[in-house]
There are 2 protein chains.
Amino acid sequence: MINLLIIDDHPLVAGGIEMMIRGVENIAIKGIAKNGADALSFLEKIKPEIILLDINLPDTDGLQLCKKIRVTNLYSKIIALTSANDASIIIQLLQTGANGYLLKNMDQYELIEAIDKVMQGDIYLSKSANQKVQEYYSSVSTNPLDTLPTLTRREKEVLRLLADGMNGPQISEKLFLSHFTIETHRKHIMQKLNANSTQQLLKTARDNKLI
Amino acid sequence: MINLLIIDDHPLVAGGIEMMIRGVENIAIKGIAKNGADALSFLEKIKPEIILLDINLPDTDGLQLCKKIRVTNLYSKIIALTSANDASIIIQLLQTGANGYLLKNMDQYELIEAIDKVMQGDIYLSKSANQKVQEYYSSVSTNPLDTLPTLTRREKEVLRLLADGMNGPQISEKLFLSHFTIETHRKHIMQKLNANSTQQLLKTARDNKLI
DNA sequence: TAAAAAATACCTTAATTCAGGTAGAAAATA
DNA sequence: TATTTTCTACCTGAATTAAGGTATTTTTTA
């Protein structure tokens, strides 16, 4: 028997999963946790074969929780569950010890396939997640920013204000600095992020989660 | 008997709803549509008492679909369903003819309450949605953009490309237009969004979920 | 079909930003 | 303490953007 723990604060999702595995005779839901704390206390008592882990929880983020679970529990297989399909998160999750990744637009077939695959010791990625990861790795080579540049405190500050829609003079006024200074900071940030316009800079910054 | 039509492309959500109303003897699911087209063709044949309408559909957005449904169907009550909790969308939806607004973190109790309320002719807003709407109206005085400007197709396109970090000439090349044209579009968008730089424009656009 | 809205193209001037610099003071670190 | 990093300020010329126009064609809508 494969026992599941669902970690998700949405009754809708938990119900949907219940619906999907209803009628599958070798899978059963052992518990539903609505947040990270509940999940951890649950896992102290019971070791489910499969943990379906929502990435967006009210009290913690899935990545942290995944790490925490792996500290004490190497037995359970963790399948991450999310509506977003973001390559860097997927990769981080897998590095943290997740065994699979499902999108919330999955259907019954996909869920059961994932559970089966993961129980066999494989890594399961939903089709579109897989695609994203591929894209990510293939774009890495074309993307010169494979190592994130480190911005100084001031540079980050200026970047944020730029992202807030302020221009050079406005920022200089806000920070009590000469506008020349701001422009120098901007220039440096642009060099670091390899951008040749402020808009590109902001896009790159956003893409690299610097903002 | 209250008949439901679920319009949502996530089997998980549809399953969750099914789970929630299972055992409620006067509510039944009459159909599940996975996109706007399916929904409309379904509604040609059957008039459900309640339509549970996901705002994020693969082929159209919920607002448009809500409008379309209201053109031919004044009988069914529409309850919008979404994971985001955004005041301006809620308000637009209600203006378009939706009768309720539920967040996907709802529980069984809330769903059934919403259906009951709406069947009685009331408007139902989930607690947090209600709160957001309150906040929105109290912040309106500070926000000069109380009515969202409507951008034309072209303007939206240019806005998106600007958000992608492209500049005027690049966009003009991409769209096979003169760069003067692009600048005019930019100017119009800026006027509509009340911005006085492209960066501010993009920020405002982002704040108003135009991007 | 007539009127209105949207899309297109072009112009000008002023302001802002970009992309090179240089360079000194302050702060952090080895 | 010596060195490095960060923060600061300034300059210049080229490029881009902002903000104000005008005006024609195409598309939508009443």
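Residues numbered from 1 in each chain as written. Chains lettered and ligands numbered in written order. Predicted model: local features only at pLDDT ≥ 70, side-chain atom pairs only at ≥ 80, totals over all residues.

Caption draft 1: Examining the overall build of chain A more closely. Secondary structure summary: chain A contains 10 helices and six strands in total. Expressed as a percentage of the 211 residues in chain A, the buried residues total 38%. Excluding contacts between residues fewer than 6 apart, the proportion of contacts in chain A whose partners are at least 24 apart in sequence is 62%. (Helix = DSSP H or I, 4+ residues; strand = E, 2+ residues; numbered from the N terminus. Buried ≥ 20, exposed ≤ 12 C-beta atoms within 10 Å, placed from the backbone. Contact = placed C-beta atoms within 7 Å.)

Caption draft 2: Inspection of the protein's contact with DNA strand D at higher detail. Residues in close proximity to DNA strand D total 21 residues, the closest being Thr152(A), Arg154(A), Phe180(A), Asn167(B) and Asn196(B). Put simply, the parts of the chain that give the surface near DNA strand D at least two residues each are helix H7 (153-163) and helix H9 (179-193) of chain A together with helix H9 (179-193) of chain B. Among the elements that line the surface near DNA strand D, the one with the most residues is H9(B), at five residues. (Near = placed C-beta within 6 Å.)

Caption draft 3: Just the interface of chain A and chain B, in detail. Taken together, the contact between chain A and chain B spans 26 residues of the former and 26 residues of the latter. Elements that contribute at least two residues to the side of chain A that touches chain B include exactly helix H1 (11-21) and helix H10 (198-207) of chain A. Of the residues assigned to the side of chain A that touches chain B, the class counts are eight nonpolar, 12 polar and six charged. (Nonpolar A, V, L, I, M, F, W, Y, C, P; charged D, E, K, R; others polar.)

Caption draft 4: Seen up close, unusual backbone geometry. Residue and element names in this part refer to chain A. Positive phi, normally seen in glycine, also occurs at Phe176, with a value near 55 degrees. Residue placement: Phe176 occurs in the loop between helix H8 (168-175) and H9. The class of Phe176 is exposed, set by 6 C-beta atoms lying within 10 Å.

Caption draft 5: Main features of the protein's contact with DNA strand C. Taken together, 22 residues sit near DNA strand C, with Asn167(A), Gly168(A), Asn196(A), Thr152(B) and Phe180(B) positioned nearest. Secondary-structure elements contributing two or more residues to the surface near DNA strand C are H8 and H9 of chain A together with helix H7 (153-163) and H9 of chain B. No other element matches H9(A), which puts five residues into the surface near DNA strand C.

Caption draft 6: Summary view of the confidence of the model for chain A. All names here are of chain A. Mean pLDDT over chain A: 85, with 93% of residues reaching 70 or higher. Ranking the elements of chain A by mean pLDDT puts helix H6 (residues 127-142) last, at 70, and strand S1 (residues 2-7) first, at 95. Between residues 141-145, whose pLDDT stays under 50, and residues either more than four places distant or in other chains, the model counts three contacts. (pLDDT = per-residue confidence, 0-100.)

Caption draft 7: Representation of the packing of H7(A) against H9(A) in the model. Residues and elements named next belong to chain A. The interhelical angle for the contact between H7 and H9, taken along N-to-C directions, is 95 degrees, at an axis separation of 9 Å. As the angle between them shows, H7 and H9 are arranged roughly perpendicular. Here H7 contributes Arg154, Glu155, Val158, Leu159 and Leu162 to the contact with H9, which in turn contributes Ile182, His185, Arg186, His188 and Ile189. Looking at the contact of H7 with H9 residue by residue, the classes come out as five nonpolar, two polar and three charged. (Axes fitted to C-alpha atoms, helices over the stretch in contact; angles between N-to-C directions. Parallel < 35°, antiparallel > 145°, perpendicular 65-115°, else oblique.)

Caption draft 8: Summary view of the environment of Asn3(A). Residue and element names in this part refer to chain A. Here Asn3 is to be found in strand S1. Considered as a pair, Asn3 and Ile46 are 43 residues apart in the sequence and their alpha carbons are 9.8 Å apart. Filtering out sequence-adjacent residues up to four positions away, Asn3 remains in contact with Ala28, Lys30, Pro48 and Glu49.

Caption draft 9: Fine view of the sheet that holds strand S3 (residues 50-54) of chain B. Residue and element names in this part refer to chain B. Strands sit in the order S2-S1-S3-S4-S5-S6 across an open sheet of six strands; the sheet is parallel. Edge strands, defined here as strands with exactly one partner in the open sheet, are strand S2 (27-33) and strand S6 (124-125). Two strands pair when backbone bridges link them, and strand S1 (residues 2-7) and S2 are joined in this way by six bridges, in the parallel orientation. When the sheet's bridge partners are listed, Leu4 is paired in S2 with Ile29. (Pairing = 2+ DSSP bridges.)

Caption draft 10: Examining the sheet that holds strand S2 (residues 27-33) of chain A more closely. Residues and elements named next belong to chain A. Strand order across the open sheet formed by six strands is S2-S1-S3-S4-S5-S6, with parallel pairing between neighbours. Strands at the two margins of the open sheet, each flanked by one partner only, are S2 and strand S6 (124-125). Strand contacts of helix H3 (residues 62-72): strand S3 (50-54) and strand S4 (77-82), with the helix running at about 155 degrees to S3, the strand carrying the most contacts. Across the face of the sheet, helix H5 (residues 108-119) comes into contact with S1, S2, S3, S4, strand S5 (100-103) and S6 while running at roughly 175 degrees to S5.

Caption draft 11: Examining helix H2 (residues 36-45) of chain B more closely. Residues and elements named next belong to chain B. Looking only at H2, the buried set comprises Gly36, Ala39 and Leu43. Down the axis of H2, the sector holding all buried residues measures 60 degrees, keeping them to one side. H2 presents Ser41, Glu44 and Lys45 as exposed residues on the side facing more than 90 degrees away from its buried surface. At its buried positions, H2 is contacted by S1, S2 and helix H3 (62-72). (Arc of directions from axis to C-beta.)

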